[in-house]
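# Results of the structural survey
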Amino acid sequence: MDSHRTSPGLLQLALPLPLPRLFDYRPPAGSSACTGDIGRRVKVPFGKRELVGVVAAINTEQAPVPGLRDALAWLDEAPLLSGELWGSLHWLARYTHAPLGEVLATALPSLLRHGEPLPDTTTWAWQLTAAGRASMETLRTGSRPRQLAEFLTTPRDEDTLAHRFEGWRTPARALMKRGLAERIALPAPRNGDLAEGPILNPEQSAAITALREINGFATVLLDGITGSGKTEVYLQAIADCLKRGRQALVLVPEIGLTPQTLARFRARLGVPIHALHSSLSDTARARVWAAAQRGQARVIVGTRSAVFTPLPEAGLIVIDEEHDTSYKQQDGIRYHARDFALVRGKALDIPVLLGSATPSLESLHNANTGRYQHLRLHQRAGSATPPEVRILDIRKRPLDAGLSPELMAAIRAALDAGGQVLVFKNRRGYAPVLLCHDCGWSAHCPRCSTPEHPSPMTVHSAGRRLQCHHCGYRQPVPPACPDCASLALEPQGNGTERIEELLTTRFADVPVLRIDRSSTRRKDALEQHFAALGERPGILVGTQMLAKGHDLPNLTLACVVGIDEGLFSADFRSREKLAQLLIQVAGRAGRAERAGKVLLQTHHPDHPLLLTLIDGGYHVFAAEELRERAAASFPPFTHLALLRAQGPHAEPPMRFLTAAREHLRTALQNMRGPLHLHGPAPAPMPKRAGLYRAQLLLDAPRRGPLHIALAQVIPALHALPEARRVRWSLDIDPVDLY
Ligand code: ADP
Ligand code: ZN
Ligand code: ZN
């Protein structure tokens, strides 16, 4: 090995390891390194393993210390990461106080993370050569080569060939051998044939005009009731962006990325829509990433992690249903895709369009304070009118599977009028609790319960199976009570399964479909359910999954049952989430010509949240809620960070967090600006999947001091002896305090 290279430039690598530092290596033998190599991947030895690192810096100052190892090989010719995305990922590492290597591992598609080359994204096509065109007649009529030759008089891409000419490869090779056909690379279409959309109504047009006037970065909150035509505004804005020769990135919640949505985008924009979602293969993901990086992908539509797509020619970022909590990553690097999109939008100097019928309080606050432009769509588009919402007081009413006679009558009436009905219940399974009627025993998850905090198991499969919704633990329902041997074990409460069972017997004349995470594990299951139902009268029973995404023109009645527990939850965000859910479910009804109706069943008909929502609507609720958040110093009026720790025993997480608190106290002594520490304390759910959980909450009215303190302390936490016995994580702007 050549140890005499004169300051050859050492590689400082970000490695996918939970250590807050970069790692020095010499460049691969026979090569040198300069700043132009920043962002390139290299393979390196690490202990007995090999890792893929990314060059984060070049060190030309220090002489190599002895024992420094050589990197094994360059994996990219040119930097894989550069420009805006590279800068934004550094920002994310600083903001989350996470090692850059882990941030990069989160951001890169798994193939690239594992060192695979950037995949080929060329669209290949076949066409006849001049010779082929001239001597078509020499091919025997009706033969496969002749048929293919006739098909290839216009160039056909391989995708089309695969769909329209079965077994095309053999005759294609034969034609190529004789010099009659050739394979050519097609340029990616940058601009498609835009299809006409509906004529925009005045509010939609005003939104488009406002967007066209934006030059550079701005955040626009498109705040429009469900069915007000927000998607039409996105489509028009994307079409404008394509016309300017720019790329558009659209983020949608996991449930929102349906074939229906994609088909609508495809039909309108006339360019290929590159979809990024969790059921895509690793290869397909890497191809979309590469196509975007090469500027071939012009429109990318994806879920949370699509926010890491490179956009060298960016023109617009759209975030649909911006309030959706699925944008927040809940493990590993806990980024918020909406917030990161704003950071990228600013760095790219392009507008970011946030859309929702129920904007998050954070976004409304930003609109109120003038940081976001606020565009409202007050009316439903086309001929649809907003649904009528009514509360059904079920105190003292006889209930069957939690449904009142009035609700059943309303369902009957809606079906008889030829409409479809949605029954929303926020719990899947048959019943949330299994109770012994004789001694009071109930079934708890052994992996998620402590003596003080028992966690019930949900009854599934019409009472045959128990399942924990927190950790997935399953067991058969015991034949008798484990405590008193009584046979009087009874499922208590109602889940979607039990409601489905009841509705199936009561409304035997129509299809009853259940839509929840148990019934729609397969990705296309949801779409198939809807297709099976078609336009005929029928009932959909389901959870959140039903609340968004799919447009059912014939849905005339939405019933909301069993929301009462949500009215009294301790989590400060629960009211906001419940309000959003109710508005979204209500928004499913009456999306087309037929008027819609919403029935809210409750034991608390006078609950202020319900009254405010029904009388005033979401924005009146939100304004009140923001006042309360301000008074109580909750987000968005304060900024939170949550340090979590967990381990197989109860003590070590608390000990780790206590040590962390001491470090933070020390850091706080020489700091200006208030910052408060709460805890450590066991988490609201103190045990989960066999691990004991504790947390330390930090809050500060300003972000600056919070991040300064964390930046000082977090690196030290990695080295704490207490850290060895726990798994810990930091969550900036946590959405879930569990
Ligand atoms: P949102 O995204 O706000 O829920 P959509 O954009 O999906 O609303 O619009 C709801 C329905 O109204 C869709 O069927 C859409 O095609 C239709 N629509 C939207 N804008 C118009 C318009 N200007 N004229 C007629 N129909 C429209
Ligand atoms: Zn018992
Ligand atoms: Zn469990």
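The structure this text deals with has already been given above.
Quick caveat: nothing in here was measured; it's all calculated off a predicted structure.

## Observations regarding the coordination of the zinc ion (ligand 3)
- The protein atoms that coordinate the zinc ion (ligand 3) are Cys445 (SG), Cys448 (SG), Cys468 (SG) and Cys471 (SG), at distances spanning 2.2 to 2.3 Å.
- In terms of primary sequence, the donors binding the zinc ion (ligand 3) are separated according to C-x2-C-x19-C-x2-C. With Cys445 in the loop between β18 (433-436) and β19 (458-460) and Cys468 in the loop between β20 (465-467) and β21 (474-476), this residue pair connects regions lying 23 residues apart in the sequence.
- The buried category is assigned to Cys468, whose relative accessible area is 1%.

## Focus on unusual backbone geometry
- Cis geometry is found at the peptide bond from Pro635 to Pro636, where omega equals 5°.
- Structurally, the position occupied by Pro636 is in the loop between α19 (618-632) and β27 (639-647).
- Cis rather than trans, the peptide bond between Gly679 and Pro680 has omega equal to 10°.
- Along the polypeptide, Pro680 turns up in strand β28 (residues 676-688).
- With a phi close to 55°, Ser633 is a non-glycine residue in the positive phi region.
- Inspection of the secondary structure assignment puts Ser633 in the loop between α19 and β27.

## Regarding the coordination of the zinc ion (ligand 2)
- In this structure, Cys436 (SG), Cys439 (SG), Cys481 (SG) and Cys484 (SG) serve as the protein donors to the zinc ion (ligand 2), at separations of 2.2 to 2.4 Å.
- Geometry at the zinc ion (ligand 2) is tetrahedral, judged from the four donor atoms that bind it and their angles of 106 to 113° at the metal.
- For the zinc ion (ligand 2), all donor residues lie on one chain, and their spacing in sequence is C-x2-C-x41-C-x2-C. With Cys436 in strand β18 and Cys481 in the loop between β21 and β22 (489-492), the pair connects residues that are 45 residues apart, well separated along the chain. This pair shows no difference in class: Cys436 is buried, exactly as Cys481 is.

## Points about the pairing of strand β23 (residues 512-515)
- Neither face of β23 is open: one carries Val512 and Arg514, the other Leu513 and Ile515, and all of them are buried.
- Across four bridges, the pairing between β23 and strand β24 (residues 538-542) is parallel. Bridge pairing links Ile515 to Gly542 in β24.

## Thoughts on the pairing of strand β29 (residues 691-700)
- Among the 10 residues in β29, eight count as buried, and that is most of the element.
- Summarising the sheet, β27 and β29 pair through nine bridges and their orientation is antiparallel. Considered in β29, the bridge of Gly647 is made with Tyr692.
- Here β28 pairs with β29 via seven bridges, running antiparallel. Within the sheet, the bridge partner assigned to His676 lies in β29 and is Asp699.
- Count of turn residues in the β28/β29 antiparallel hairpin: two residues, of which Ala689 carries a positive phi of about 50°.

## A short note on the site of ligand 1
- Taken together, the neighbourhood of ligand 1 is formed by 16 residues, with Ile199, Gln204, Lys230, Thr231 and Arg264 sitting nearest.
- At a separation of 3.0 Å, an oxygen atom of ligand 1 approaches a polar backbone atom of Gly227.
- In this structure, an oxygen atom belonging to ligand 1 sits 2.8 Å away from a main-chain N or O atom of Lys230.
- Here ligand 1, which alone exposes 560 Å², has 76% of that area covered by the protein.
- With three residues, helix α9 (residues 230-243) is the single largest residue contributor to the shell around ligand 1.
- Classifying every residue of the shell around ligand 1 gives five nonpolar, seven polar and four charged.

## Side note on the sheet that holds β24
- One open sheet holds the six strands; their spatial order is β16-β26-β25-β17-β24-β23, and the pairing between them is parallel. Of all strands in the sheet, those with a lone pairing partner are β16 (388-393) and β23, marking the two edges. Direction aside, neighbouring strands of the sheet carry axes that sit 20° apart on average.
- As judged from the four bridges shared by strand β25 (residues 555-561) and strand β26 (residues 597-602), these two strands associate in the parallel manner. Among the inter-strand pairings, Ala558 is bridged to a residue of β26, identified as Val598.

The rules behind each value
- Residues numbered from 1 in each chain as written.
- Chains lettered and ligands numbered in written order.
- Predicted model: local features only at pLDDT ≥ 70, side-chain atom pairs only at ≥ 80, totals over all residues.
- Heavy atoms only, no water.
- Donors = N, O, S within 2.8 Å, 3.2 Å for Na, K, Ca; no water.
- Helix = DSSP H or I, 4+ residues; strand = E, 2+ residues; numbered from the N terminus.
- Buried < 20%, exposed > 50% of the residue type's maximum accessible area, 1.4 Å probe, protein only.
- Tetrahedral: all angles 85-135°; square planar, octahedral: opposite > 155°, others 65-115°.
- Pairing = 2+ DSSP bridges.
- Near = heavy atom within 4 Å.
- Polar contact = N/O pair within 3.5 Å; in protein donor to acceptor, adjacent residues only side chain to side chain.
- Areas by Shrake-Rupley, 256 points an atom, 1.4 Å probe, with all protein chains shown as cover.
- Nonpolar A, V, L, I, M, F, W, Y, C, P; charged D, E, K, R; others polar.
- Axes fitted to C-alpha atoms, helices over the stretch in contact; angles between N-to-C directions.

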